[in-house]
Structures are given as C-alpha cells and as structure tokens.
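# Tertiary structure, described
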Amino acid sequence: MSGGRERFRALRDSQLWRSIFRTGVPQTPRSRLAVIVSNVFLHLHPLQISAASLRFRRTFCMGGLAFLSFVIVTVTGILLMFYYRPTAEYAYADIEDIMHTVPYGRLLRNLHRWSAHAMVLLVIAHMARVFLAGAYRPPREFNWVVGVMLLVLTLFLSFTGYLLPWDQLAYWAVTVGTNMAGAAPIVGHLGPFTVVGEGNDVRALLLGDRVVGDAAILRFYVLHCVVVPVILVILLAVHFYRVRRDGGVLARY
Ligand code: HEM
C-alpha cells in the first residue's frame, strides 16, 4: 500500500508529470484556495459579494432563466437534428415525421419551440431589469454592450429557425424578412445610399440566391445550428466572466 503511494509520489514529482500538470506553486491549502477562487470556471462568483445581491428580487433570476432556456433549446435542437434534412425536398416532410411518427417527436419539437419563445421574452425582461436597476453604468458598461450583442444574436437565432419547417408561414416570413434586409441602407440593393447590386447585397448573402430556395434553407440551417450558437456561447462566457469581474450583481440601486 505504502509502496504504491511512494510510486505515485515519484510519478507526481517526475518531469513528465510536471510538464503536463505543472504548477511551480507550492501545494498548501492557501495556494489551492487561490487557484479555485481566482479561476472563473471553478468559482463563478466573486470572492466577496453583498448578501443583498443574492436576493431573488434583485434579479428575478431572469438572466439565469434565459440561460436555462438556451440550454433546453440546445439539447432539444441537437436531438431534432437527427431527424431533419435541410433541403427543400425533405424539410417539410421531416417536420411532419417528427410531429406524427417519431417517438416523442412532437414533445421534442414543442419543447424546442416554446423554450425559444421563452428565451426571447426572458432576455428582453432581463435587459429591462438591468436597465431599471441602472446596472448598465460603470463598471458594467462593457457587459451592457455584450448584452446587446446577445440580444441581437438571440433574435437572429429565432429568425433563422423560422425558415426551417419550410411551410407557408416560414416561406413568406423569410421572404418578407430578407426583402427588408434588401431595403437596408448601404448594404441592401433597394435601400438608400446603396453601394451594391441585387446579386451581391445582404439579401443575396442571406439567401445564396435571388429567391428563397434550397440555397437559403441550407444557409439558414448552418447559421441556426452552428454559426450563431457558437458565437452566442463565446459571448455568454464573456458575459458571465464580466459579471464576476464587475463584483457580481449590482447590490444597491
Ligand atoms: C442570452 C442572453 C443573456 C443571458 C443568458 C444573460 C445572463 C445573465 C446572467 C445570468 C446575469 C447575472 C445576473 C442576472 O441574472 O441578472 C447577467 C447579468 C447582466 N446582464 Fe445579462 N444575459 C443575457 C442578455 C443580456 C442583455 C440583452 C443585456 C443588456 C443589453 C444584458 C446585460 C447584463 C448586465 C449589465 C448584467 C450585470 C447586471 C448587474 O450587475 O446587476 N444581458 N446576465
């Protein structure tokens, strides 16, 4: 037994082990504590926070609930990806299959839909709470800016998901939405001060074509399932990191 312990200690002191797991820091209770409390992944809260900032009525937990709905949307979205093919030929039929033949498919799709709606509402409510509390003021002004990006991405996530069922509602909603993009100033071919033509404006970039078709559904699928969620997760990490660096949730209004 003690021989095993000796060998483990020798392994831990070896150059190989230390080159992988290194820390030159002496292993005392104090240094271990310092590692935990200074690492944002291991200790999300600042070392000291005011008891007032922990009260439910301070935040109504709306940021946390928005995050929870994002987690539900992500898990159910990944499961839906097993049954859905993003082409004009299969998309509508695959959704019908999910609703009528896939076991628990209707539940899965509805969970995805309702948590997406909930996320939009909760993010807006969270933003209103932050605004009314004046928590956008220094030192939290950068986190407010990150928050605005999160809001835009949340709305874009909803917009790109809207096309995927490939029914009449989806088709015409995205036709209207992308036409609006085509009428944007500078980057839309119909907008004021335009510098682009119909084939290379922001509408064409979104659709991959001049009409809503196969290219559009693929682009919206990739944006919806990969590009936007990845950017959102990175910004969420920055958002939570900033909450901690700014000393936790604003304690006094
Ligand atoms: C995906 C969207 C978002 C998620 C998941 C999220 C999550 C959170 C969480 C968990 C907190 C900790 C306290 C709380 O729950 O209120 C927080 C704080 C904060 N959020 Fe968000 N947030 C999001 C969007 C936004 C938006 C749209 C804004 C504003 C434009 C914003 C601005 C802030 C600010 C300034 C704080 C610090 C508040 C304080 O110290 O009282 N966030 N966020």
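Presented here is a report on the structure given in the accompanying data block. Residue positions are counted from 1 within each chain, in the order its sequence is given. Only residues with pLDDT of at least 70 are given local features in this predicted model, and only at 80 or more are side-chain atom pairs given and counted; all residues enter the totals for whole chains, interfaces and linings. Side-chain numbers here rest on the full set of heavy atoms in the structure, without hydrogens or water.

## Structural notes on the pattern of salt bridges
We define a salt bridge as a side-chain nitrogen of Lys or Arg found within 4 Å of a carboxyl oxygen belonging to Asp or Glu. All told, the structure shown has 3 salt bridges when counted by the stated rule. As a salt-bridge pair, Asp94 and Arg85 come within 2.9 Å of each other at their nearest N and O atoms. Of the residues examined, Asp94 reaches a relative accessible area of 3% and is grouped as buried. For the exposure calls, accessible area comes from a 1.4 Å probe over protein chains only, and a residue counts as buried if that area is under 20% of its type's maximum, exposed if over 50%, partly exposed in between. Since its relative accessible area comes to 42%, Arg85 is described here as partly exposed.

## Points about the site of the ligand
Note on definitions. A residue lies near a molecule or strand when any single heavy atom of the residue is within 4 Å of it. Around the ligand, 26 residues are found, and the nearest of them are His126, Arg129, Arg140, Gly147 and His239. In the model, a nitrogen atom of the ligand is placed 2.8 Å from a nitrogen or oxygen of the His126 side chain. Contact between the ligand and Arg140: an oxygen atom at 2.7 Å from a side-chain N or O atom of the residue. Listing elements by their share of the shell around the ligand, those giving two or more residues are α5 (62-81), α7 (105-133), α8 (141-163) and α11 (214-245). For the shell around the ligand, a count of residues per class yields 16 nonpolar, 8 polar and 2 charged. Polar contacts here mean pairs of N or O atoms no more than 3.5 Å apart (in protein, one a potential hydrogen donor and the other a potential acceptor; neighbouring residues in sequence count only if both atoms are side-chain atoms). Put simply, DSSP H or I for four residues or longer makes a helix, DSSP E for two residues or longer makes a strand, and each gets a number counted from the N terminus. Under the scheme applied here, ten amino acids are nonpolar (Ala, Val, Leu, Ile, Met, Phe, Trp, Tyr, Cys and Pro), four are charged (Asp, Glu, Lys and Arg), and all others, including Gly, are polar.

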